[in-house]
Every structure is written in structure tokens, then in C-alpha cells.
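One letter stands for each residue in the lines below.
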Amino acid sequence: MPAFARNQWYVAAYGHEVGRELLGRRILGEPIAFYRTEDDAAEVVALADGCVHRRYPLSQGRLDGDQLVCGYHGFTYDRTGACVYVPGQKRVPRTARVSSYPVVEQDSFVWVWIGDPALADPATIPRARHLADPGWTSVSGMEPIDCDYGLLVDNLLDLSHETYLHGGYIGTPEVAETPITTEVDEGAGIVRVSRHMDDAACPPFYARSTGIEGRITRWQDIEYHAPCLYLLHSRVAPVGVLPHPDGTDPDAFHTEITYAITPSAPGHVYDFWAVSRDFAQDDAEVTAFLRDFNHTVVMQDVDALNVLQRALDAEPSGYQELSINIDTGGLAARRILTRLAEEGAKPVEHVS
Amino acid sequence: MPAFARNQWYVAAYGHEVGRELLGRRILGEPIAFYRTEDDAAEVVALADGCVHRRYPLSQGRLDGDQLVCGYHGFTYDRTGACVYVPGQKRVPRTARVSSYPVVEQDSFVWVWIGDPALADPATIPRARHLADPGWTSVSGMEPIDCDYGLLVDNLLDLSHETYLHGGYIGTPEVAETPITTEVDEGAGIVRVSRHMDDAACPPFYARSTGIEGRITRWQDIEYHAPCLYLLHSRVAPVGVLPHPDGTDPDAFHTEITYAITPSAPGHVYDFWAVSRDFAQDDAEVTAFLRDFNHTVVMQDVDALNVLQRALDAEPSGYQELSINIDTGGLAARRILTRLAEEGAKPVEHVS
Amino acid sequence: MPAFARNQWYVAAYGHEVGRELLGRRILGEPIAFYRTEDDAAEVVALADGCVHRRYPLSQGRLDGDQLVCGYHGFTYDRTGACVYVPGQKRVPRTARVSSYPVVEQDSFVWVWIGDPALADPATIPRARHLADPGWTSVSGMEPIDCDYGLLVDNLLDLSHETYLHGGYIGTPEVAETPITTEVDEGAGIVRVSRHMDDAACPPFYARSTGIEGRITRWQDIEYHAPCLYLLHSRVAPVGVLPHPDGTDPDAFHTEITYAITPSAPGHVYDFWAVSRDFAQDDAEVTAFLRDFNHTVVMQDVDALNVLQRALDAEPSGYQELSINIDTGGLAARRILTRLAEEGAKPVEHVS
């Protein structure tokens, strides 16, 4: 499995998860406490989740305005991580400070930077604009999985598993049968995997939400921005219906499937998932159906990856895999992740 | 504890457990998927339980006729373990194959050979004919125990524990008090331990199932075929009733207690148990009573061995035991198991 | 965390916990079976909790008079640990013996000596006379915590945590704000931490049990006898009410809070707690209130220490703490515990 890539942005939470209750998450093995300030800016604060005194998790404490009070002995921190109060004495030791993490709230996600804060550049965060675009309606959730994050990357980069693991849900025989094309931008760390099915069975999920009867033209275009953001552009239309020459595509149904793959600790990953559509946007029944349906599909992956990790843990070291054409995207992703991990492990030269 | 002995037959399941649903078991640490073919032969197939592609357990998949389809990406295997289909391409890689294990179905058990398949000789499997003999009626079950298999061997080779661990069930004071005789056939790997009680209390279990009132002559003759099969020939009769000079024994009640002791992984063992009788064969009430009763007795052992393993795990290394006469059989068994393990670990010279 | 200090007395149980049912406890990693003899002396016996035969826990067995019968094969031990019966033979091996531990029952506690029995001197056991004094009424309990015992020592030596972890229960702002004085008797292994609040809010707990209305003078005088016994002498009175010049103190309410901190195994500690009062001694309602109330407070510590240990277990090795004035007592305690552990690990020269 690839190591963790530091000096990268990761999704830590949905924005709606972070408020005036402290939220503790572990990202790349680092425990972090999140909260939102009460001023008008209502910014998200991310502090290292261990008091300088005796390491008690700060996320077990409480907020006093925009300051965080440790729940054990009352050490109090401002939003920069500086300690501003200790019990029993006036003087606060100079070294009393916890790390704060760069945070950006964008496209409904709270992104946190793990690594050297001096390198954190918000402009490099990949976008998932549909999640905050009123033209799209989304359902979403997060499931922790007890597996290495690499297994979830493998899973999502190779959709042939839809036919088997999600058969009867989102998979039909054509997904596994149709060859893929893969494009890799090593420099940008982006992997694209496309599978265009011209004449495919319509999974019940699309039939019910779009109203299409009969067979479909189904396009799946994956765009994986290593290490964290995975986008699947899905296009469904009656057989033969194609985009117009001018690029508009009014007769097709578009779905954006978004995953954020955030390593929590070795053998543990946060699986953020969202499904956004540009049709039936205001149909509450479709929304409720898609929320339940996609949760079921995600749990099929969660269960399978939990099982797979336990099986791998019981393997002797040095076990072998066998890769075929469908794995081209996944192997490219592993290669990029390995490179990012190596780069993140190097000492950084700061430009002064 | 003795190591695992490879190049041996082990009971993997009862025949009735293996059908058209995939069954996953771990034997000597090796995960194996079992199923039964649908042709007239209805043979048991045993394949290594990890797909060549990404190691997903094949036992999580499904059957398509006599082929096994991986539940993750659809890699499909025939009964020999050869891969016959992979998704997204026509060509199946030449190396796509999982191991298949030699299997023999005999005496109600599914025996599997762990080790070098070239050495698997069905003629060496010890017999438990009563389990499939219409003259005997059996109750049976299987309990996994979280202990080294050696603890179960110890337990079964020394029946003095019946008096204490199973007191009021199958144990009476005479079991612990009566000396044993032990015979060891080192070459064949067989240990025999006999305890003949001439005048003993009748445990309620035998009183109820046989109708005997008063004291009994009770013989216990153990025959352990290392590593897996344990037979206890039990003879119960009113005090003084002995077999006829010609060897027939019409006035006694015979019970065959069978155990198969199959190491699953370090610290885990499958405890297959069966109790067969040559009396009241068609009495459904006796059968139901014996099923419940013996399950209770087995669970007393299961609970005790789980407790014992946890206690041993907390011992400092190099802890000491103290052995006495009752342990003669158990010590012989350990010696044989150690030898079998050493032999199974050696490289094998194949005769060409 | 400090290592375990051997050659010391530890509280293993309350006297009322040890009777004619076997009680198994693990002290400093050593499993011990406790029971009470049935003779008039009704003494507590403590034997190593593993049969010499196959290491089965003796605490799973049963008593036969004052002898302990192993529940597996019936090996039987007298109160000195000598084996007096083995199954199947007359001769008991000379080496068949389990260790017995020196035990003293005092002040409602069963104290056990871990280490070299030749060094066990009952006169060195620190006293908690109020627990068995008719002038005091006590409520008590024991909670196992999954943390190193050092975390519980830290917790109890620094009461500033009352303000935060037990806010609204026993903590008020004055506890954290009031400076402490610390006295250390390195030779005797005693740490004293005092906090005298002249004018403090009255926690609801004292208001309800004493009937005081308004603010209080509140004294907390800790006396920690390393490694096991912790006493907190608590004095509460209306503001300005002080002891008389002759030392009597009739207008104050006194509470003795007792803890016995007994390491069970690495990462596990027994937290024995008792709260004794010299007021409303016969008021059953106050007793019931204090039992529930103090159990709740103890569980706040238990929950916090379980959380803290898990957080520390996830820390990289060599993590840092930051200590301030309030930690003076705790740091002294750690220093003494480290010395006691080193002394207990040395070979002992016996005076002949």
C-alpha cells in the first residue's frame, strides 16, 4: 500500500459537520480538533488535538467564545493555538502552544493541509463546484472504513467491480465488458479513466430517477486528483442520444459522483461520498430515494473493503497480485501516490 | 504448543455443510473456499480462498454452474482453480490460477490435504465408519475455539477432567480415580489410552439414555490418530456385565465419541464433535436429549479452553507445567505432533 | 509511565469482596486467587492463580473446606499453596506447589504483598483508619480503568482538574485558581499537596449533604503514600469558620476521600475509591446520595483516563508534556514511584 502523502490538502469534514460542537478527526494519523468561530466570519479552526500539558484530547473540551478550553485542567487556547490561560498561576509558559492547521472551506468541504504550513497554497485544491452549485442537487455522507486508503483508491479507479459487487444496483454486464481508456497526467497527479457504453442495460437506479425506459448510452469519465479528490462524471441518455455539436447536452441526464479519500491512520480511511444530479432537482422523493440507494451501494463497498483488509492482514508478507487492463488507472494512481508520499517525506527548503 | 503438521489430512467440514453456497474455512492458516459441484458426482471442490487479482476472498463470491465467480471484479475459476474469465478483455493471463486442494469425502467428513498435493494418499485417512453406518445414530456439531489446537488435544487425551469440568454431566469420581493404561504406536502416530472402571456411578446422561439403574461397568478406550482424528470407544453396562467370550457384547451400550481436531490458525482450532450410539437408534427423544446434552458438555470445554488460552497468553515466556501419570497419553500425542510438524516442514523429494 | 514497584503492599480487594466464592484479580501482572477460610479466623488466602499442572486459573475452581480444587483436573491445594491431591495416583509430586502471597486485612482493605515474601512487614502498611472507624460513615466502590496506573496518580495528585472534568459536581473555579503548597518526604515516599480556599463557592454536593448555604472555607489536604494509598482530607465550613485553638473543629464538616491505586497489568489499574464523612452518619438518604454522586464523579475520571490512554497509545514515541506549578505533587510522585520500582527490581540480600 502506498505511504501517506504529506504536504497535501485533504478533506476533513463537510462544512455542515463543523460548528460550535468540537469535532475530533484523525487525518494521516494526526489527531485534529475542529470548530467554527462565532464571529461573522464563522471560520473553521483546526488545532492539534492534544493539550500541551498532559496530552488530553482538546476535542473532549468545550468552547468559550472562540477559545478552546481543555476538558481536563482548563488549559485554554486561542484560534491560533496559543495557550492563553493555565490553572493555578498567572504566567502562561512561552512554549504553551499547539499547532494550528491551514484550513480552506470550499465546495461544501473543509479542506485541511497536512505537512509544512508554509507550503499550503489554497489555489492547488481541486474543485468540486457542483457540490455548492444551485444547479445541482446532492445527497452525501461519510463512512469510515477499516482499510488502507489505497484499497479505496483501487476500488474507485476500477469500475468493473460495479457489475459484481453492485450487481442489480449500479452494475450491469456492460460495465465489466467495456474496455477503458486511461490518461495519466503524472505532473499534475491526475488520472482519467473513461468507459463509454453505447448500448447498455439501464440499472434500476437510473431508470427510476430519470424515467428512461429501455437501453441507454452510458458514459463514465473518472477524474482522480491524487491524493484526495475523485470525480466520476456520469452521463446517461436513451441509446443514440449524443451531445449537440455545440457542446450542449440537453437530452441527457448528468450525475456527478464525488469521493474524498482521506487517510485517517494506517488501516483506516474516511470515505466521503456525494451524488449530485442536474435533473429532478426539486423532487424530494428522488432525493430521498437516491440518498438511501447510494448509501446502500457505499455500504457494499465498505463491507467488501473491511473484508478485504482482514484477508490481506492474514496474508504472508510478499503476497502477489495479478493486474490486467482494467487496473491501468489504479496502477497509475498508486504510482502517483507513491511519488507524492516520497516528495512529502523530503525536507523542504523554504524560500526566504 | 506443537507447530502445525503439514502433509496431512484434516477435517474441513461435515459433508452436509458443503453445498451450493460457498463455505470459507481457514485450515492451518490457509483460507480455503469449499463448494459442491452440481453434476451427478456432486463432488466437493476446495480452492485457495483469495482471488489472483486483488486477493478478495473467493468465498464471498457466487457459483455459476461449477465455476466460482469472484464477488469483487468477476474473475471466474473452474473447479481445478484455473481462471477462465477476467473482466474487460478476452485474454486470460496464463498465470491466473488459484491452488486447488485434494479432497476426500468419507465417513460424513470432508477431508482436505494441506501440504504437497503429490503426497496426498486417501488410503491414509483414518476411519470413523460409525458416522456413516446405519447401525449407529449420531448427533454432531462444530465449535471454533480460540486456543491452540494442542490444548484441545491435551483436553481429550486426559479424561480425568470429566470429573471436575464436567462433574454432574459425564464425570463421576471414578474417572479421576481410576488409573489409565497408555499404548503408543510412534510409527503409525496413534495413541491409545484406556480406563476401565469396574464399578462406577452412572452419570445421569447414561442413566437417562440407556435406562440403566444403579452402578455400572464403564470402559473408556481412546484411540487418537494424530493429528486430526480422535475416537473414544465408550462401553457402559450394569456392573459385572462383560462381553461374551466370542466377542459379542449384546448386553452393553456402546457409544462412539468422535472428535476431529483441525487447527485453523495459530490460537484457533475447529472442534468437530459427534456422539454415535448403537442403542435407542430410532428414539427421537433420546436423540434430541443427546444433542442438547453433548452440546452443553462441549461448551464447557470450549469455555475452559478459551479461558486457559487467555491465561497462557498472559504468562511470561518459559512457564512450567507439571505432568503426572494421567498425562502419559497427552505427552505422547505432543511428541508425535512435534515429529509430524518437523516432517511436514522438510522439503519433499518427488519420485519421478 | 513509571514501572511497577515490587516489594510493596497493594490493595487487592475490599474485605467484603473476599468470601467463600473464589475471586481472581491480577496485581502487577500476577494473577492471584483469593478466598476466605471457613474456620473461625476466617482469614484471607491469596494463591498464585495458575495450576501447576496445565496452568488453568485456580480462581475458576471451587473450595472444598479450606482447600482449593482446580476446576480442570482436580489438583487440590491447601491454604499454603501446597498440592495435597492429584487425580489418578496416590503420590503427590514434591514440587507441586503454587506460591502463596502475604496478606493483611486492615481498614476494610485486603492488602497483598507483591515481591519477596521475606521482606513483607505489615507494620509498613499505611493506615486509613476512618474506613473501619464507627465514627465515620463510608461509601465505596472499585472501577477498573484501562490506563497505566501513573495516569491515575497524576489525576489524583492534581485536583485542579475538579474545576473542569468535574465542573458542576465537585469543582468550582476556586479549585483551579488557588495555588497549592507541596511537601515531599522522599525517604518515606509520601507526597503532601494542600490547597486552602478561604472563600469559595460551595459545590452542590457539599451543600446538599451538609446543609451549608452560601460560600465556604474549603481545605483539601492530600497525603499520598506511594505506591498505593491516597488520602484526601477535606474540610468544609461556612466562610471564616476555623478550627479552635485547641485543635478541635466541631463546626466544620470533614470528609476523608480514600483511593487505593493498584496496578493490575501494563495499561490497567484498579481504582478503589471511598468517601467517608463525620456528619449525618446515620442519614441513609445522604448515604445513598453520596454513593450515587461519587460513583458519577469517579466515572468521569474513568472515562477521561480511558480516553487519555487511547490518545497516548496513538502518540509517536517520545511525545512531550508541559508541566506547571500544579504538577509539583504529581512530578514528585512519579519520581518516588520510579525510585521504588528501581529498588523493587534489585536482587534482595536476605539477612540470615
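Residues numbered from 1 in each chain as written. Chains lettered and ligands numbered in written order. Predicted model: local features only at pLDDT ≥ 70, side-chain atom pairs only at ≥ 80, totals over all residues. Heavy atoms only, no water.

Student: What's the story with the confidence of the model for chain A in this structure? I'm lost.
Tutor: Close inspection of predicted coordinates is inappropriate for parts of the model with low pLDDT. Of the residues in chain A, 98% reach a pLDDT of 70 or more, and the chain-wide mean stands at 95. Both confidence scores are given for the complex: pTM 0.94, ipTM 0.94. (pLDDT = per-residue confidence, 0-100.)

Student: Whenever I open this one, the domain arrangement of chain A confuses me. Can you help?
Tutor: By a widespread convention, an interface's size corresponds to the accessible area lost as its parts come together. Residue and element names in this part refer to chain A. Domain assignment breaks chain A into domain 1 (9-123) and domain 2 (130-343). When each unit is reduced to the centre of its C-alpha atoms, the spacing between domain 1 and domain 2 is 33 Å. Each partner contributes residues to the interface: domain 1 has 16 residues there, and domain 2 has 19 residues. Carbon and sulfur atoms supply 69% of the area that domain 1 and domain 2 bury against each other, a total of about 1,300 Å² over both sides. Run the count over domain 1 and domain 2 and you get 0 salt bridges. Counting the contacts that link domain 1 with domain 2 gives 8 residue pairs in polar contact (both at pLDDT 80 or more). Those elements giving two or more residues to the side of domain 1 that touches domain 2 turn out to be strand 1 (8-14), strand 2 (23-27) and strand 10 (109-114). With 6 residues, the single largest contributor to the side of domain 1 that touches domain 2 is strand 1. Classifying every residue of the side of domain 1 that touches domain 2 by side-chain character gives 10 nonpolar, 2 polar and 4 charged. (Domains from an automatic or database assignment. Contact = heavy atoms within 4.5 Å. Buried area = accessible area lost by both parts, 1.4 Å probe. Salt bridge = Lys/Arg side-chain N within 4 Å of Asp/Glu carboxyl O. Polar contact = N/O pair within 3.5 Å; in protein donor to acceptor, adjacent residues only side chain to side chain. Helix = DSSP H or I, 4+ residues; strand = E, 2+ residues; numbered from the N terminus. Nonpolar A, V, L, I, M, F, W, Y, C, P; charged D, E, K, R; others polar.)

Student: What is the right way to read the interface of chain B and chain A from this model?
Tutor: The interface of chain B with chain A comprises 24 residues on the first partner and 30 residues on the second. Buried surface at the junction of chain B and chain A, both sides included, amounts to about 2,100 Å², of which 57% is carbon and sulfur. Contact with chain A buries surface across chain B, with Arg54, Arg55 and Tyr72 of chain B losing the most and accounting together for 36% of the total. On inspection of chain B and its partner chain A, the count reaches 4 salt bridges. For the salt bridge of glutamate 315 of chain A with arginine 55 of chain B, the shortest nitrogen-to-oxygen distance reads 2.8 Å. Put simply, chain B and chain A have 10 residue pairs in polar contact (both at pLDDT 80 or more) between them.

Student: What's the story with the relation of the copies chain A and chain C in this structure? I'm lost.
Tutor: For the pair of chain copies, the relating operation is a rotation around an axis with a shift along it. Take chain A, turn it by 120°, move it 0.1 Å along the axis, and it overlays chain C with an RMSD of 0.1 Å. Each copy turns onto its partner about a three-fold axis. When C-alpha distances to the rotation axis are compared across chain A, the minimum falls at aspartate 313 of chain A, with a value of 12 Å. (Least-squares fit on C-alpha atoms with pLDDT ≥ 70 in both.)

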